[in-house]
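An overview of the molecular structure
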Amino acid sequence: MSIARKVMVLQGGGALGSYQAGVYEALSRHGHEPQWIAGVSIGAINAALIAGNAPEKRSERLREFWALVSSGPSQRLPNWAGDRALLNQWSANAASIFGIPGFFRPRVTPALLLGGAAPLLSYYDTSPLKATLERLVDFDRINDRAKQMRLSVGAVHVLSGNSVYFDNTTQKIGPEHIMASGALPPGFAPVEVDGQPYWDGGIVSNTPLQYVLDNHPSSQPLVVLQVDLFNAKGPMPTNISEVLERQKDITYSSRTRMNTDALAANVNLQQAIADLIGKLPPALRNDASVQAVQAQLSHQPIDIFHLIYRDKPYERDSKDYEFSRITVEEHWKAGVRDMISTLRHPEALRSDVQTNGVTTFDLAEEGHVQIKRPM
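This structure is a prediction, so every number in the text was calculated from the model and none was measured. (Residues numbered from 1 in each chain as written. Predicted model: local features only at pLDDT ≥ 70, side-chain atom pairs only at ≥ 80, totals over all residues. Heavy atoms only, no water.)

1. Some words on the layout of surface pockets
Where we set the bar: Residues are said to line a cavity or pocket when one of their atoms sits within 4 Å of a point; the points come from a 1 Å grid over protein atoms alone, cavities being sets where a 1.4 Å probe fits but cannot get out and pockets being open sets with protein on both sides within 12 Å along at least five of seven lines. Grid points are joined across faces, edges and corners, and a volume is the space filled by probe spheres set on the points. Secondary structure counts use DSSP, requiring at least four H or I residues in a row for a helix and at least two E residues in a row for a strand, with both numbered from the N terminus. When residue character is reported, Ala, Val, Leu, Ile, Met, Phe, Trp, Tyr, Cys and Pro are called nonpolar, Asp, Glu, Lys and Arg charged, and the others, Gly included, polar.
Considering only enclosed or pocket space, the largest pocket measures out at about 710 Å³ in volume. Lining the largest pocket are 34 residues, and of these Leu 184, Gly 187, Phe 188, Asp 320 and Tyr 321 lie nearest its centre. Mapped by element, the contributors of at least two residues to the lining of the largest pocket are helix H2 (42–51), helix H4 (84–98), helix H7 (175–181) and helix H9 (240–252). Of the residues contributing to the lining of the largest pocket, the split by class is 21 nonpolar, 10 polar and 3 charged.

Following this line, the structure appears as structure tokens:
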């Protein structure tokens, strides 16, 4: 059996993205470098920082980016006015008013006084992000076939509403492709790529899993580490802030578990049909058209390891634009912890996956891995 290809799939989620950086740091520390990384929005930025640097520099560049875009002390603070949620909200409000260093800044123009009728396409200017990407990401490396890790980032074509993926195996990738993937309206303006306007890929789908499965050859085993930032499951809200948070979780989770289960069920059904064809009498099985169908339906083993950031009780609907240093470091540490918990299991991220079809591994609240094998 051939060696499995390892791919890292990164969801969008703004300030929550430091969780993904922590996951990668633990992954790299234990010798599990992906060969392919696919991301949307902040996942695309993290993906570019990883793919656009040599392996020994990747965690360092991620640290540099997240230190740049976060603010305030890193040590644990006493509860401000007895309420950490209030401190987080204050930090988020500051980000919305003053912007984030190296990421975005507010547009200061009289046109904004016109409100929704203002002749502007966004509230913020993301030119600082372009400068940050050009400094921290080696795009020559991304586009060098001899050195490159495959990189795919998702965006939405503004005019057609269609999901589009920019992929360094088919085109040259630059800062504009990464910025397009993270151009979430109305905060950020569309980004032009080859004369066409694009918005954040999360508007259509906040996870690149479907793209990865559609574009990976079924003849090669695959190991997927899917790192999501919004949890589709959650408690009943008790106030407006929790209502807004719950709405955002449901919207941007892309219904992660359901979609993963549906994709797995589809692939496993195809594999079951291919196996059934293999049991036909030779006269039927050896027919050219039957063999062609069997080849299309056959899949080498696919293992999907699913990590989801689980927010703290004091995090509210502003959690994706709350960039305080203490919160960013909490997210990073949570990513390290969850990845290490996953790696403690002997079946985790093996290159010699053996069960045809899709097997999913889901990190539960208690740190245990729940396994769903193909039927």
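Now that the structure is up, let's keep going.
2. Observations concerning the pairing of strand S2 (residues 36–40)
What counts is decided by this rule: Only protein chains enter the area calculation, which uses a 1.4 Å probe; residues under 20% of their type maximum are buried, those over 50% are exposed, and those in between are partly exposed. Two strands qualify as a pair provided that DSSP identifies no fewer than 2 bridges between them. We call a crossover right-handed when, viewed with the strands running away from us, the connection from the first strand over the helix to the second turns clockwise.
Burial within S2 is extensive, with 5 of its 5 residues counted as buried. Every second residue of S2 is oriented toward a common face, with Trp 36, Ala 38 and Val 40 on one face and Ile 37 and Gly 39 on the other, all of them buried. Relative to S2, strand S1 (residues 5–10) runs parallel, the two sharing 4 bridges. Paired with Val 7 across the strands is Trp 36, a residue of S2. The β-α-β motif built from S1, the intervening helix H1 (residues 18–29) and the parallel element S2 has right-handed crossover chirality. Summarising the sheet, S2 and strand S5 (residues 150–157) pair through 5 bridges and their orientation is parallel. Across the sheet, Gly 39 pairs through a bridge with Val 153, a residue of S5.

3. As for the pattern of salt bridges
Worth spelling out the cut-off: Take a side-chain nitrogen of Lys or Arg and a carboxyl oxygen of Asp or Glu: if they are within 4 Å of each other, that pair is a salt bridge.
Going through the model one piece at a time under the given rule, you end up with 17 salt bridges. Put simply, Arg 135 and Glu 64 hold a salt bridge, and the shortest N to O gap is 2.7 Å. Taken together, the positions of Arg 135 in helix H5 (residues 127–136) and Glu 64 in helix H3 (residues 58–69) put the pair 71 residues apart, joining distant regions of the chain. Of the charged contacts, one joins Glu 134 and Lys 130 as a salt bridge, the two residues approaching to 2.6 Å between their closest N and O atoms. With Glu 134 and Lys 130 both in helix H5 and 4 residues apart, the pair spans about one turn of that helix.

4. Quick word on unusual backbone geometry
The linkage connecting Pro 185 with the following residue, Pro 186, adopts the cis geometry, with an omega of 0°. The backbone of Ser 41 sits at a positive phi, close to 60°, despite the residue not being glycine. Locating Ser 41 in the fold gives a position in the loop between S2 and H2. Overall, the relative accessible area of 12% leaves Ser 41 in the buried class.

5. A word on the packing of H1 against H3
What counts here: Fitting a line to C-alpha atoms yields each axis, with helices limited to the stretch in contact; the angle taken between N-to-C directions then spans 0 to 180 degrees. The cut-offs work like this: below 35 degrees is roughly parallel, past 145 is roughly antiparallel, 65 to 115 is roughly perpendicular, and the gaps in between are oblique. Crossing handedness is defined as follows: a turn of the near helix away from the far one that is anticlockwise and smaller than a right angle gives a left-handed crossing, while the clockwise case is right-handed. Residue contacts follow a heavy-atom distance rule, with two residues in contact if any of their heavy atoms lie within 4.5 Å.
Running from N to C, H1 and H3 point in directions that differ by 160°, and their axes come no closer than 10 Å. Taken together, the axis directions place H1 and H3 in an arrangement best described as roughly antiparallel. Like other packed secondary-structure pairs, H1 and H3 cross with a definite hand, here left-handed. Between H1 and H3, the contacting residues are Ser 18, Ala 21, Tyr 24 and Glu 25 on the first element and Arg 58, Ser 59, Leu 62, Arg 63 and Trp 66 on the second. The residue makeup of the contact of H1 with H3, split by class, is 4 nonpolar, 2 polar and 3 charged.

6. Considering the environment of Asn 53
Spelled out, the test is: Pairing of N or O atoms within 3.5 Å defines a polar contact, subject to two protein rules: one partner must be a possible hydrogen donor and the other a possible acceptor, and residues neighboring in sequence count only if both atoms are side-chain atoms.
Residue position: Asn 53 is located in the loop between H2 and H3. The class for Asn 53 is buried, based on a relative accessible area of 8%. Polar side-chain contacts of Asn 53 include one of 2.8 Å to the backbone oxygen of Leu 49.

7. Some remarks on the environment of Asn 162
Take Asn 162: it is sitting in the loop between S5 and strand S6 (163–167). Given the relative accessible area of 46%, Asn 162 is considered partly exposed. Separated by 41 residues in the primary sequence, Asn 162 and Ile 203 place their C-alpha atoms 9.9 Å from one another. In contact with Asn 162, other than residues within four places in its own chain, are Ala 155, Val 156 and His 157.

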